[in-house]
Amino acid sequence: DFFIGKEVLAQATKKSEDYFEPVIVFKSLDKHNEVIGASLQGIVENHSRYDKGRLKQIMRSSDGTTGMNVDIGEPKRLIFAESPIDLMSYYELHKDNLQDVRLVAMDGLKESTVGFHLAQLQSELSGRPLNWSREQLADGVNIAAQNGFFKDGKRSDMITLAVDNDEAGHNFITNLLKKEIPVQIDIPPILDPIQEKNDWNEALKNNMYQS
């Protein structure tokens, strides 16, 4: 209901040749609330058609940087998850403690999405217009570090990475820290010694099951 209210969530029917299937649409909106991209999640399992059982697709012509994002209050910091489902799960688990934050789904592990939203948010906070090119926006996090944006511990709480607890997620975190880009780390715990990874959707399901 929260995400529907933010107008970033919809249901549709996808047609591929003569195959029709219901999908959830996760919308990427610009600051004017215009749709600039979307990703799809299939609802019905079809293992003969999809290796992972369900459709997962970024729509063609989508802006590959922005990702689905929503504001809570007046954003002063950013929280990044890997997928829209993980972002929604993270929200459900943390909603009582979230305020003045922008939640962003990266549709993967994309430094360009972190850079875009960092530049966008700083423009909003400073009241200065953002006239950067798409290339500069995509490289925003590196430009910020090179220009001393994080120097002497400043803005160390501006970026939170709520990525998967797996090798790829750890590497993404490490690569930013190596560039002296401070990040807060909020990853779901590994609950079982044989568990190779955990994401926020699995954490939500485990939480619901245990309760």
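Above this text is the structure in question.
Along each chain, the written sequence defines residue order, and numbers are assigned to residues from 1. Per-residue local features of the predicted model are confined to residues with pLDDT of at least 70, and side-chain atom pairs are confined, for both listing and counting, to 80 or more; whole-chain, interface and lining totals are unaffected and use all residues. Where side-chain values are given, they derive from all heavy atoms of the structure, hydrogens and water being excluded.

1. Side note on unusual backbone geometry
- At asparagine 33, a residue that is not glycine, the phi angle is positive and equals roughly 70°.
- Segments assigned H or I by DSSP are reported as helices when at least four residues long, segments assigned E as strands when at least two residues long, and all are numbered from the N terminus. Take asparagine 33: it is sitting in the loop between β2 (19-29) and β3 (35-42).
- Residues other than glycine seldom take positive phi values, yet aspartate 107 does so here, at roughly 55°.
- In this fold, aspartate 107 is placed in the loop between β7 (101-105) and α3 (111-126).
- Only protein chains enter the calculation, and the probe is 1.4 Å; a residue is then buried if its accessible area is under 20% of its type maximum, exposed if over 50%, and partly exposed in between. Relative accessible area serves as the criterion here: at 25%, aspartate 107 is assigned to the partly exposed category.

2. Regarding the side chain of serine 39
- With respect to the element layout, serine 39 can be found in strand β3.
- Only heavy atoms enter the contact rule, under which two residues are in contact if any of them lie within 4.5 Å. Sequence-distant contacts of serine 39, defined by excluding residues within four places in its chain, comprise Ile24, Val25, Phe26, Gln57, Ile58, Met59, Pro84 and Asp107.

3. Re the sheet that holds strand β8 (residues 159-161)
- Two strands are said to pair when DSSP picks up at least two bridges between them. Spatially, five strands are ordered β5-β7-β6-β8-β9 in an open sheet, and the strand pairing comes out mixed. Of all the strands in the sheet, just β5 (69-72) and β9 (184-185) have a single pairing partner and so form its edges.
- Bridge count between β5 and β7: four bridges; the pairing is antiparallel. Paired with aspartate 71 across the two strands is arginine 102, which belongs to β7.

4. A closer look at the pairing of strand β1 (residues 9-16)
- Where β1 meets β2, eight bridges bridge the pair, whose relative direction is antiparallel. Paired with alanine 10 across the bridge in β2 is valine 25.
- With antiparallel pairing between neighbouring strands as the criterion, β1 and β2 make up a hairpin whose turn holds two residues, including glutamate 17 at a positive phi of roughly 55°.

5. So, empty space enclosed by the protein
- The method works on a 1 Å grid over the protein atoms by themselves. A cavity is a set of points holding a 1.4 Å probe that cannot get out, a pocket is an open set with protein on both sides within 12 Å along at least five of seven lines, and residues with an atom within 4 Å of a point line them. Grid points are joined across faces, edges and corners, and a volume is the space filled by probe spheres set on the points. Using the criterion set out here, one finds one cavity of 30 Å³ or more in the structure.
- Counted as a void, the largest cavity has a volume near 70 Å³.
- Lining the largest cavity are 15 residues, with Asp63, Gly64, Gly67, Asp107 and Lys110 positioned closest to its centre.
- Here the lining of the largest cavity is built from residues that sort into four nonpolar, eight polar and three charged. We call Asp, Glu, Lys and Arg charged. Ala, Val, Leu, Ile, Met, Phe, Trp, Tyr, Cys and Pro are nonpolar, and the rest, Gly among them, are polar.

6. What to know about helix α6 (residues 167-178)
- Take the number of residues in a helix, subtract one, and multiply by 1.5 Å to get its expected span. Taking 1.5 Å of rise per residue, the twelve residues of α6 would be expected to cover 16 Å, and the 16 Å separating its terminal C-alpha atoms lies within 8% of that figure.
- Burial in α6 covers these residues: Gly169, Phe172, Ile173 and Leu176. For α6, the buried positions fall inside an angular range of 95° around the axis, keeping them on one side. Summarising the geometry of α6, the exposed residues directed more than 90 degrees from the buried face are Glu167 and Lys178.
- Packed against the buried residues of α6 are α3, α5 (140-146), β8 and β9. What the arc covers is the set of directions going from the helix axis to the C-beta atoms.

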